[in-house]
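These are the residues of each chain, in order.
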Amino acid sequence: MASDAKHHNSGNGSTHSLVADSNGGEGLIVVGHGVAHPGGLGIPPTTPEILSNSMDPIWLLHSLRRRWVLAAGLGLLFGGALAVLVWFLTPSVTTATSTIIVASRPPRMAFSVDSGDPDFEVFKKTQLDYVKSNIVLQSALTSLSRQGLPEVLRDVPENERAAWLKDNVEAGFPTGAEFMYVVTELENAQDAVRVVNSVVDAYMSEVVDLARQRRMNQVVLLQGSVDTLNDQIMALFARHRQTALEANAPDAPGAGVDRAQLQTELEQLGRQKFEYERQIFQDQWAIEAASVQQQNPLYQEQYIQKAVSEDPKAQIYQLQINQLTALIVRDSSLVSARRPDAEHLAGYKQQIAKLQADKSQRERELAEQWRQGLTREPSSAFQLQKEAAKFRINKYQGLLAKTVDEIETKTEELKDRLERSLEADQIQGQIDTKTKLAETMQNKIATLDIERAAGERIEVYERAIPTPGYNTLQRTIMVTFGGLFGLGLTCFAVALFEYRHKKLNGASQMDEGLGIRVVGNLPRLAVRRSNDDSDPVLAVLTESIDGVRTALMHASSTSNTKVVMVTSPGEHEGRTTVASQLAASLARAGRRTLLVDGDLRHPSLHMLFDVPVNDGMCEVLRAEVDVEDVIRPTHAEGLWLMTAGYCDVTAIQALARDQAQPIFDKLRNEYDFVIVDSAPVLNLSDSLIMGQYTDGAILSVVRDFSRVPRIHEASEMLRSVGIRVLGSVLNGVAVKPCNRVQRLRLAAPESAATK
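Parameters at a glance
Residues numbered from 1 in each chain as written. Predicted model: local features only at pLDDT ≥ 70, side-chain atom pairs only at ≥ 80, totals over all residues. Heavy atoms only, no water. Helix = DSSP H or I, 4+ residues; strand = E, 2+ residues; numbered from the N terminus. Contact = heavy atoms within 4.5 Å. Areas by Shrake-Rupley, 256 points an atom, 1.4 Å probe, with all protein chains shown as cover. Buried < 20%, exposed > 50% of the residue type's maximum accessible area, 1.4 Å probe, protein only. Arc of directions from axis to C-beta. Pairing = 2+ DSSP bridges. Axes fitted to C-alpha atoms, helices over the stretch in contact; angles between N-to-C directions. Core = buried A, V, L, I, M, F, W, Y, C linked by side-chain atoms within 4.5 Å. Phe/Tyr/Trp six-rings, centres within 6.5 Å; stacked < 30°, edge-to-face > 60°. Patch = residues over 30% accessible without salt bridge, like charges linked within 9 Å, V, L, I, M, F, W, Y side chains within 5 Å. Salt bridge = Lys/Arg side-chain N within 4 Å of Asp/Glu carboxyl O. Lys, Arg positive; Asp, Glu negative; His and termini not counted. Charge placed at Lys NZ, Arg CZ, Asp CG, Glu CD. Parallel < 35°, antiparallel > 145°, perpendicular 65-115°, else oblique. Left-handed = near helix turned anticlockwise from the far one by under 90°. Nonpolar A, V, L, I, M, F, W, Y, C, P; charged D, E, K, R; others polar.

Each helix and strand counted, the protein has 25 helices and 14 strands in total. Across the protein, every contact between residues at least 6 apart in sequence was considered, and the portion connecting residues at least 24 apart equals 81%. Only carbon and sulfur atoms are counted for the fraction: they give 55% of the accessible area of the protein, which is about 42,200 Å².

Structure follows, in structure tokens:
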């Protein structure tokens, strides 16, 4: 019997399924079940990524959208409570502020006084450090203790009070201003004023007044130093006069002239000493050169030529030649060479030739004599040169020794004079130095005395002034932030609580997330209003269900899909609405359609169509009546109804024993389409059993109600027992009614319009 049911379920003997078109086509496509399907028997199902535990911000926002009323209510309540708590935990404080003038430069009257601190920024930072220094804070605490500590300090341990003041008293300079403010914020206005005034008084006493006292002490010290210097200068003057007379110092009559004359004589002796040393060096060098030259043949030949050229007789020959040459030049300009009286010129030339011959003969003879003499006594010529040089050296050395003695004598004399006047010069230098120092210090004293009347660089401009409720804006901001934080935290908690259910947000989670194609989007419509023609949403629902019908009819023409089960993962997910509307749509399309209430344990179609529940599917399963006897016509043409009947254990057991197979076989042959409104898939086995007699199943889910994990579990359970999932219908979609659809529904029939 089971094998026959499965065979008939396939229609043509093959196992196939109608599932969503993954390519986005309009119709339903057939996918053979010969391929192992994830989630089938013996094969672990593949968990879609959408079911992972990772946080999805978009899904979290949808979760908040579904519970926005609850989130807003609880958020306003919790945020308001948190805002009130913050308001009381942030008490109103009083701000006490004191202003102190801090000039960028010290006050001046007539002189430019160096402040000692050219960088005003450094000076300001130093003052800020002074305000919070331990000396100032301890002085402020001492002042407060004399008048009784403020309440805020009584609970602070004694060793931590200075640190408390440092943390709670602030000092600063506004940008570009020449004043410093000292401020604190306390609940008690009187305590705030006392704390600020005590710190300001301690700062003025320990820093400003102390600096003023140092300047006054500086004037006293300077005046004492000036008096001491004047006494020292007078004593040095007396000592200098006595020393100058004793040492014949430059200021004594005639002493300066003697010392200048000694210096001039020493300079002259020095120049003579240098000249004698130079002459001695030259003669010594001449001796060395002669020793070298007498061994050089080339130099000997040059020496011979020089001696020959200096011979008197040879010089006379040369003089006569020059005179005759001059006569020839003179007479050549007066006498023509063609005249007979020019013969005397030829006589001049003959005389010149004879004189040149005699001169050459004389030079050769002298040269030969010198060569023979140098050959016999090679050093005789140079020895004379050496002896002359040595004579000059001895002469200059004697003069040099005498000059050196005179230099030493006069140097000792000048040294004695200088040593005698050195003490006087040192004393004069001390007098000059001390005199300049005394003048500088006296000018400083005069300047400080004048500028002291110009006023102080740091003065208290305004003592502490309390400003109650200074932190009102801050409290308001904190309260607002606390309220918003409470609201946001509550909304997040509600969204997170809702998020854990992972409810369906839209069609994309079915198509892309679970891989189940959405074949229709239906607006939210209660079952009891599904047949109310006056409902404006019904027009949109009808158009949407007609789209599902079109896809189903296309699938039927290609894969003989006639018996379709409409189910859902759980209760209240719109399966009855989808089944009834789909059956009505098929009937409107001219198809003989039977609507079967397959939810045997909790039927509802009999109430929708207002018929008795008895005499239905359960009675047929128990074989009490024939199937023809329980089929009832409805008000819609082409639509018939089979109720669930009275359900008992026998009917459920009969369904499990395949007794429904003949029933569906007969219905398949008599009707074009059979739509079964089945029970939920989860927690019951009725849909899994009844679905095996159908050609496929359509899952009905509700936006913002159905849970994605349960949808996945239901689809996997259907597929695991071989039930084809044709697609899903998404209920509860926010759809705006279309004007075209409304106008078409309100338009009168053509016959009525033509009358």
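Moving on, there is more to tell.
What follows is about unusual backbone geometry. Excluding glycine, residues mostly carry a negative phi; peptide bonds, for their part, are mostly trans. For D615, which is not glycine, the phi dihedral falls at a positive 60°. Note on D615: relative accessible area 38%, which makes it partly exposed. Positive phi is not limited to glycine here, since D704 has a value of about 65°.

With that settled, the discussion passes to helix α20 (residues 649-656). Every buried residue of α20 is listed here: A651, I652, A654 and L655. Angularly, the buried residues of α20 cover 160° about the axis, an arc narrow enough to put them on a single face. Just downstream of α20, D658 is the residue with a positive phi angle, here 65°.

Attention now goes to the sheet that holds strand β12 (residues 673-678). Neighbouring strands of a sheet are bound in pairs by backbone hydrogen bonds; such pairs are parallel or else antiparallel. What the eight strands build is an open sheet, ordered β7-β14-β13-β8-β12-β9-β11-β10; its pairing is mixed. In the strand order of this sheet, the two ends are held by β7 (518-521) and β10 (631-633), each with one partner. Strand-to-strand, the axes of this sheet are offset by a mean angle of 25°, without reference to chain direction. Of the pairings in the sheet, the one linking strand β9 (residues 593-598) to strand β11 (residues 639-642) comprises four bridges and is parallel in character.

Its location among the elements puts V200 in helix α8 (residues 189-246). Each C-alpha atom of the pair V200 and Y181 lies 9.6 Å from the other, and the pair is 19 residues apart in sequence. The residues contacting V200, other than those within four sequence positions of it, are S98, I100, V182 and V460.

Looking now at the nonpolar core. Generally speaking, nonpolar side chains in soluble globular proteins are found buried as a group. Core analysis: the biggest nonpolar cluster contains 53 residues, and L600, M642, L667 and L718 have the highest contact counts within it. Ranked by size, the runner-up nonpolar core spans 36 residues in total, among them F123, V131, W164 and V169.

Okay, the environment of I652 next. Assignment of secondary structure puts I652 in helix α20. Distance in space between the C-alpha atoms of I652 and R622 is 9.2 Å, their sequence separation being 30 residues. Non-local contacts of I652, meaning those with residues more than four positions away in its chain, are made with L600, R601, C647 and D686.

Right, let's get into the packing of aromatic side chains. With the rule as written, the count across this model stands at five aromatic pairs. When the centroid spacing of 6.4 Å and the interplanar angle of 20° are considered together, the rings of F120 and F123 count as stacked. In this pair, F120 and F123 both sit in helix α4 (residues 120-131), three residues apart, roughly one turn of the helix. For F123, a relative accessible area of 11% gives the class buried. Pairing F664 with Y693 gives two aromatic rings, centres 5.9 Å apart and planes at 20°, and the pair type is stacked. One end of the pair, F664, is in helix α21 (residues 661-670); the other, Y693, is in the loop between α22 (686-690) and β13 (696-702), and 29 residues separate them in sequence.

With respect to the element layout, I101 can be found in strand β3 (residues 94-102). Residues in contact with I101, not counting those within four places in the same chain, are E178, F179, R457, I458, E459 and Y461.

Bridge count between β10 and β11: three bridges; the pairing is antiparallel. Pairing of R632 across the sheet is with L641, part of β11. In this antiparallel pair of consecutive strands, β10 and β11, the connection spans five residues, and G638 shows a positive phi of 85°.

Here we come to a negative patch on the surface. A cluster of like negative charges, contributed by D405, E406, E408, E412, E413, D416 and E419, occupies part of the molecular surface. Residue position: E413 is located in helix α13 (residues 380-451). Among the residues examined, E413 registers a relative accessible area of 36% and is labelled partly exposed.

The next point concerns the packing of helix α15 (residues 507-514) against helix α23 (residues 708-720). Here α15 crosses α23 at 50°, and the two axes come no closer than 12 Å. Relative to α23, the element α15 is oriented oblique. Two packed elements cross with a definite hand, and for α15 against α23 that hand is right-handed. Listed contacts from α23 to Q509, M510 and L514 of α15 are V708, I711 and H712. Residue composition of the contact of α15 with α23, grouped by class: four nonpolar, two polar and no charged.

Position of H606 relative to the elements: it lies in helix α18 (residues 605-608). Excluding residues that lie within four positions of it along the chain, H606 makes contacts with D597, V611, P612, V613 and T643.

Here we have four strands laid out as an open sheet, ordered β4-β5-β3-β6, and antiparallel in their pairing. Looking at strand neighbours, the two that pair on one side only are β4 (169-172) and β6 (458-467), the edges of this open sheet. Neighbour-to-neighbour, the strand axes of this sheet turn through a mean angle of 15°, independent of strand direction. Taken together, the seven bridges between β3 and β6 define a ladder with antiparallel strand orientation. If you follow V102 over to β6, its bridge partner there is I458.

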